[in-house]
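Breakdown of the fold
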Amino acid sequence: MSLRLFLWSLTAAFAGFLFGFDTVVMSGAEKPIQDLWQLSPQLHGIAIGSALWGTVIGSVVGQWPTDRYGRRATLIWVGVLFIVSAVWSGLAPDVYSLMIARFLGGLGIGISTVTAPLYIAEISPPAARGRLTALFQFNIVLGIVIAYASNAALAWIGDDAWRWMLGVAAIPSVIYTILAFAVPESPRWLIGLRGQRDAGLKVLRIIRPEASDTELAHVADEIEQSRAEESSTAGFWSWRLRTPIMLAFLVAFFNQMSGVNAILYFAPRIFELAGHEAQAARLTSIGVGVTNLMFTFVGLWLIDRLGRRTLLFIGSLGYIASLGLCSWGFYSGNSKIVPACVFAFIAAHAIGQGTVIWVLIAEVFPNQFRAAGQSLGSFTHWIFAALVATFFPVAVDAFVPGTIFAFFTGMMVLQLAWVIWLVPETKGVPLEEMSRRLGIEG
């Protein structure tokens, strides 16, 4: 792997850092914002959730600029959205202005989950594609941890601390945007979607400096052949794409049906229900974040060694054990085990679904439909994230916690069955070969 290839991948993955930072930074600002503008619970909820709904819309529309204007240009504009959102949020004169600013940041998040993993997958050699694409997830987790630390460091400023918490995101956003100008366009977009073979070969030559001209020409031929086959077939919603569509939808669906966002968003309430109120803030902001970061490292190390399917299998077993024990702990009154089970759950998620989701979605679609497939997976992820986060407090009021965790456990049993019988291994398979492996005929 060339140093430049790694730096390009890291730059695109840095969009994930902005995603993680922007998602969590509001946790330190939401209460001062409510107090400042005397917001009703309803308006407060809309203000805090505006970024999330921007993310849902961004995941839907992200396919269009990614295919029309290119991966590189879209990555740059993602950075611009983050800059505008951060500065506007920090200077917002009223709650409605803040909601617009946060919505723009959400758009950036949603588009980044379409474009960044796709771009990294398209420039990566098969042997390193898993760990390079998974850098996006690692940066998300790193952004979350840094956001917690940033909020703690700025909390002493006073009444305007929340403005600094939100506005400081402009610094990494500017750095990312500048770096994005230095990355090249994806060779698969140049050759496969724009027919610019010479420009694509130039990028391929930088990506694979050890390859001969004949080998690079063969790669370009494969991309062109794939383009010719795809252009003569039906659109995205076709029977021949049923396997990648199913994989993208279900990996995103099961990701949220594990309850991961509910546990991350409402961990203090869960610990309170378990009788650990005094530890809630520390366990949430430090323990959960550090655990997530540590085990994401493990997932990065394993994904190109063991493969995507194996990590999903290991993660499913970890989910079932940790969620099942949480359910048992609440039902039996043995709530002392709940914090340890939550940490085990986060570890299982980081190694399994957390590392695999963006990689797998970016791999399984042919070049012509990769952006549309990434958009489908991203939208599925975010719409179910919003629904789970919305209905979790309602479920807590309607059911005992043990029942909720039993439901999540049952969903992970279904995920395990899906992984065993229907998920193929994509480790080390060239992207153009993937279509043949999945039975997608031209």
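Note on numbering: residues in each chain are counted from 1, in written sequence order. Under the rules for a predicted model, residues below a pLDDT of 70 receive no local features and side-chain atom pairs below 80 are neither given nor counted, while totals for whole chains, interfaces and linings still include all residues. Think of the side-chain values as coming from all heavy atoms in the structure, minus any hydrogens and water.

**With respect to the packing of helix α3 (residues 41–61) against helix α21 (residues 370–398)**
Viewed as axis vectors pointing N to C, α3 and α21 meet at an angle of 160 degrees, and their least axial separation amounts to 8 Å. Here α21 runs roughly antiparallel to α3, going by the angle between their axes. Note that α3 runs across α21; the crossing there is left-handed. Judged by residue contacts, L52, W53, T55, V56, S59 and V60 of α3 engage S375, S378, F379, W382, I383 and A386 from α21. Residues are sorted three ways: Asp, Glu, Lys and Arg are charged, Ala, Val, Leu, Ile, Met, Phe, Trp, Tyr, Cys and Pro are nonpolar, and all the rest, Gly among them, are polar. Looking at the contact of α3 with α21 residue by residue, the class counts come to eight nonpolar, four polar and no charged. Fitted lines through C-alpha atoms serve as axes, helices being fitted only where they are in contact, and the angles separating the N-to-C directions of these axes extend from 0 to 180 degrees. Secondary structure counts use DSSP, requiring at least four H or I residues in a row for a helix and at least two E residues in a row for a strand, with both numbered from the N terminus. Small angles under 35 degrees read as roughly parallel and large ones over 145 as roughly antiparallel, with 65 to 115 read as roughly perpendicular and the rest as oblique. The sense of a crossing depends on the near helix, which, turned anticlockwise from the far helix by less than a right angle, makes the crossing left-handed and, turned clockwise, makes it right-handed. Two residues qualify as a contact provided that any one of their heavy atoms is within 4.5 Å of a heavy atom in the partner residue.

**Examining helix α6 (residues 95–123)**
In a helix, the anticipated span is given by 1.5 Å times the number of residues less one. Taking 1.5 Å per residue, 29 residues should reach 42 Å; α6 reaches 41 Å between its end C-alpha atoms and fits that length. The sharpest bend along α6 comes to roughly 35 degrees, located at S112. Most of α6 sits inside the fold, with 26 of its 29 residues counted as buried. Counted as a polar contact is a pair of N or O atoms within 3.5 Å, where, for protein atoms, one must be capable of donating a hydrogen and the other of accepting one, and residues adjacent in sequence contribute only when both atoms are in side chains. Looking at where α6 begins, the residue whose side-chain oxygen comes 3.1 Å from the main-chain nitrogen of Y96 is D94. Here the bend at a residue is taken as the angle between two axes, fitted respectively to the seven residues that end there and the seven that start there. The classification of residues rests on relative accessible area computed with a 1.4 Å probe and restricted to protein chains. Under 20% of the type maximum is buried, over 50% is exposed, and intermediate values are partly exposed.

**With respect to the environment of T55**
Relative to the helices and strands, T55 resides in helix α3. Given a relative accessible area of 2%, T55 falls into the buried group. Between the C-alpha atoms of T55 and G106, which are 51 residues apart in sequence, the distance is 4.2 Å. Apart from residues lying up to four places away in sequence, T55 is in contact with G106, L107, I109, G110 and W382.

**Comments concerning empty space enclosed by the protein**
Using a grid of 1 Å spacing that covers the protein atoms alone, one calls a set of points a cavity when a 1.4 Å probe fits there but cannot get out, and a pocket when the set is open and has protein on both sides within 12 Å along at least five of seven lines; lining residues are those with an atom within 4 Å of a point. Grid points are joined across faces, edges and corners, and a volume is the space filled by probe spheres set on the points. Summed over the entire model, instances satisfying the criterion amount to three cavities of 30 Å³ or more. Looking at the largest cavity, the residues that line it are L18, D22, F82, A86, A169 and S173. Residue assignment for the lining of the largest cavity shows that the elements contributing at least two residues are α1 (3–25) and α5 (71–91). When its residues are assigned to classes, the lining of the largest cavity shows four nonpolar, one polar and one charged.

**A look at the packing of aromatic side chains**
Aromatic rings from Phe, Tyr and Trp, with only the six-membered ring used for Trp, were paired whenever their centres fell within 6.5 Å, and each pair was classed as stacked if the ring planes differed by under 30 degrees, edge-to-face if by over 60, and tilted otherwise. The final tally for this structure, using the stated rule, is 21 aromatic pairs. Ring geometry for W64 versus Y69: centroids 5.4 Å apart, planes at 90 degrees, classification edge-to-face. Overall, W64 belongs to the exposed group, its relative accessible area being 54%. Taking the relative accessible area as the measure of exposure, Y69 reaches 46% and is therefore partly exposed. Aromatic pair F136 and W358: ring centres 6.1 Å apart, planes at 90 degrees, arrangement edge-to-face. Pair noted here: F136 is in helix α8 (residues 135–154) and W358 is in helix α20 (residues 353–363), with a separation of 222 residues, a long-range link. Comparing F136 with W358, the two get one shared label, buried. An aromatic cluster of at least three residues, connected via ring pairs, comprises F249, F253, F254, F384 and W418.

**Let's talk about the nonpolar core**
Among the buried residues, those of types Ala, Val, Leu, Ile, Met, Phe, Trp, Tyr and Cys that are joined through side-chain atoms within 4.5 Å form a nonpolar core. Counting residues in each nonpolar core, the largest one holds 126 residues, and the members touching the most others are I33, Y119, L166, Y176, F236, L323 and W418. A per-element tally of this core places α1 first, with twelve residues. If we ignore the near neighbours within four places in the chain, the residues touching F236 are L241, I245, F365, F369, A372, G373 and L376. If you look at the next biggest cluster of nonpolar residues, it comprises eight residues, including L201, L204, L216 and I223.

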